[in-house]
Amino acid sequence: MEIEGEKMFEVDLGNLMAYDSHYTIPSQQSREELVKECLQKGTELVQAIADSLFTLPSTEDVDGPLVKLPPPTTKLPREKHMPRPRPPTKWEEFAKKKGIIKRKKDKVVFDEQSETWKRRHGYDHANDEEAIPIIEAKPTDDPDEDPFAKRRQDKKGRVDKQEKNRLQNLKNAAKFGDLPSHVQLAATSLPITGTQAVQKKVTKDELGNVAGIASTATASGGKFDKKLPGEKPPKHKGKFRKFPPVAPPAANGKVTGPSEREQTEKILNKILSKNNHDILNVNKAVTVHNVKKEKNRRSDKSKSSATDKKLKPQKKPFKKGGSAKKGNPKAQ
Amino acid sequence: MRPLDETETSVVFDKLFKFVGNNLKNLVENPSHEGPEPNPGRYCFRLNKNKIYYCSESLVKRATNIAKPNLISLGTCIGKYTHGGNFHLTVQALNLLAANAKHKVWLKPQSEMSFLYGNHVLKSALGRITENVGAGDGVVVFSMSDVPLGFGIAAKSTQDCRKLDPNGIVVLHQGDIGEYLRMEDEL
């Protein structure tokens, strides 16, 4: 607070602010006069700030004298309202009804299993039922049931239930418009805002692909657009497969791409060349050799079974028509 | 109806090659003399609603007048192209295979019926077999009077057949003409 001449201005150097609390704007004045008066008053106030600024102890700097402002004395109103109290959760309501008071618990508890003190929660915590390697069977137990699987299942069920409760409480809080700030930022990704489906986080790749697709939405299909650094070309140009024309083209018709005939020829040649080692049929040679050997053995024994004769491979390739009988007289 | 793309063609040709061997060339380059066109076209493969047809080019040209959903069939259906990308021969392809077959098996008259009911070919049913059939080759099954009955996959090579016991399976059944009666609705 400072007294300037005959007038008294209140100067708050912390906010670089000065005002005259006794001044009243005279009514019944023309607009021009009013503007003039306001400017003049403003100049006086700024002058008051400047005067008091230069009375502060200053340090010299390259840019001029530097001063340290005192802390502000005027309290400005806050922009947002005070945070509303959070609506009580289901448990808090229940606890209040039953008169359950929250009590501080020790961070470490005694673990019966290892007979040491361990943390109550978290990694390697005390009395962890998961850490029990052997479960004693009771006569009432169901023999078909895996007790370890059941234990895991139960634990998972409890965790899931807690998560469900948490979300329900958050949903309630959201109704009052009072989500905790850390939840508020991620509220859209939680199933609490009415949209049941959890929104997937968009990965960098997906974003790039979408940007690529969007970039084609110009008259030229994105041909003349400047590409941003890191922007990918659209993944699919639209055409996935190209087929040759359905019907063979007319003699004078234009054909783009490989024709069907070329394509089949290519694949046919590939298949034939892959199997062209049939010229020397090793299997056949072995068969002939084996048959000869067997014949020799049989002639040695001078006895042969009937069934084997029937299956003797033919010398001549089978011919269509009446020669069927002639071709293999031994059959039947 | 559309021509086969590259993968489809190679899958179909691979399967046909198992049965007809190098005769596949004849099958693909088979000139057709159907239709009024002056220059004879060829036979070609077409895919319509996951079935593969073998038909002459002139027929294809005329079939383009019919919309895809209305087209029931054209030429000879030789098999199905499955969703998983495999090709299954159906019995309608039998004539095509029989004319160009590389490996053949002839059945005894008393066991023809068993095969036509959809059973595998046992050693005891075997009348004759072409030599150098390898296990896994496609074989066409004939009656003793040279009527094509069906086709299948050789379970044993010719040599192994000689030593097989009478109840052993020689040919695994894939299709037979009995299906025309048994599976009339599906064909």
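Residues numbered from 1 in each chain as written. Chains lettered and ligands numbered in written order. Predicted model: local features only at pLDDT ≥ 70, side-chain atom pairs only at ≥ 80, totals over all residues. Heavy atoms only, no water.

**Some remarks on a nonpolar patch on the surface**
Then comes step 1: Side chains of Leu16, Val67 and Leu69 of chain A sit close together on the surface and give an oily, nonpolar patch of about 220 Å² of accessible area.
Then comes step 2: As for its placement among the helices and strands, Val67 of chain A is situated in strand 5 (residues 64–67). (Patch = residues over 30% accessible without salt bridge, like charges linked within 9 Å, V, L, I, M, F, W, Y side chains within 5 Å. Areas by Shrake-Rupley, 256 points an atom, 1.4 Å probe, with all protein chains shown as cover. Salt bridge = Lys/Arg side-chain N within 4 Å of Asp/Glu carboxyl O. Helix = DSSP H or I, 4+ residues; strand = E, 2+ residues; numbered from the N terminus.)

**Quick word on helix 1 (residues 31–55) of chain A**
Then comes step 1: Taking 1.5 Å of rise per residue, 25 residues should cover 36 Å, and helix 1 of chain A covers 36 Å from first to last C-alpha, within 8% of that figure.
Then comes step 2: Here helix 1 of chain A has its buried residues at Lys41, Leu45, Ala48, Ile49 and Ser52 of chain A. (Expected span 1.5 Å × (residues − 1). Buried < 20%, exposed > 50% of the residue type's maximum accessible area, 1.4 Å probe, protein only.)

**Description of the interface of chain B and chain A**
Then comes step 1: Chain B puts 43 residues into the contact, and the matching count from chain A is 44 residues.
Then comes step 2: Around 4000 Å² of area is buried between chain B and chain A when both sides are counted, 56% of it from carbon and sulfur atoms.
Then comes step 3: For the chain B face of the interface with chain A, the top three residues by lost area are Arg128, Glu131 and Arg162 of chain B, together amounting to 19%.
Then comes step 4: At the boundary of chain B with chain A, the tally comes to five salt bridges.
Then comes step 5: Counting the contacts that link chain B with chain A gives six residue pairs in polar contact (both at pLDDT 80 or more).
Then comes step 6: Partitioning the side of chain B that touches chain A into residue classes produces 17 nonpolar, seven polar and 19 charged. (Contact = heavy atoms within 4.5 Å. Buried area = accessible area lost by both parts, 1.4 Å probe. Polar contact = N/O pair within 3.5 Å; in protein donor to acceptor, adjacent residues only side chain to side chain. Nonpolar A, V, L, I, M, F, W, Y, C, P; charged D, E, K, R; others polar.)

**Focus on the sheet that holds strand 1 (residues 2–3) of chain B**
Residues and elements named next belong to chain B.
Then comes step 1: The sheet built from five strands is open, its strands ordered 1-2-3-4-5 with antiparallel pairing. Of all strands in the sheet, those with a lone pairing partner are strand 1 and strand 5 (87–89), marking the two edges.
Then comes step 2: In this structure, strand 1 lies alongside strand 2 (residues 43–48), joined through two bridges in antiparallel fashion. Looking at strand 2, one finds that Pro3 is bridged to Arg46.
Then comes step 3: In this fold helix 1 (residues 6–20) packs onto strand 1, strand 2, strand 3 (51–56), strand 4 (76–81) and strand 5, with an angle of close to 35 degrees to the strand it touches most, strand 5. (Pairing = 2+ DSSP bridges. Axes fitted to C-alpha atoms, helices over the stretch in contact; angles between N-to-C directions.)

**As for the side chain of Asn48 of chain B**
Residues and elements named next belong to chain B.
Then comes step 1: As for its position among the elements, Asn48 is in strand 2.
Then comes step 2: Reaching out from Asn48, the side chain makes a polar contact with the backbone nitrogen of Met1 at a distance of 3.0 Å.
Then comes step 3: Engagement of the side chain of Asn48 in a polar contact is seen with the backbone oxygen of Leu71, the distance being 3.2 Å.
Then comes step 4: Once residues lying within four places of it in the same chain are set aside, the contact partners of Asn48 are Met1, Tyr53, Lys68 and Leu71.

**Looking at the packing of aromatic side chains**
Then comes step 1: Here the structure, examined in full by the defined rule, presents seven aromatic pairs over all chains.
Then comes step 2: With a centroid separation of 5.4 Å and an interplanar angle of 70 degrees, the aromatic rings of Phe110 of chain A and Trp117 of chain A are classed as edge-to-face.
Then comes step 3: Under the relative-accessibility criterion, Trp117 of chain A is labelled exposed at 59%.
Then comes step 4: With centroids separated by 5.5 Å and ring planes inclined at 90 degrees, the aromatic side chains of Phe19 of chain B and Phe151 of chain B adopt a geometry described as edge-to-face. Residue Phe19 of chain B is found in helix 1, and its partner Phe151 of chain B is found in strand 10 (residues 148–154); the two are separated by 132 residues along the sequence.
Then comes step 5: Owing to a relative accessible area of 0%, Phe19 of chain B belongs among the buried residues under this scheme.
Then comes step 6: A relative accessible area of 0% means that Phe151 of chain B is categorised as buried.
Then comes step 7: Among the aromatic side chains, those forming a connected cluster through ring pairs are Phe13, Tyr43, Phe45 and Tyr54 of chain B.
Then comes step 8: Sitting over the ring of Trp106 of chain B, Arg128 of chain B keeps its end group 4.4 Å from the ring centre. (Phe/Tyr/Trp six-rings, centres within 6.5 Å; stacked < 30°, edge-to-face > 60°. Lys NZ or Arg CZ within 6 Å of the ring centre and 35° of its normal.)

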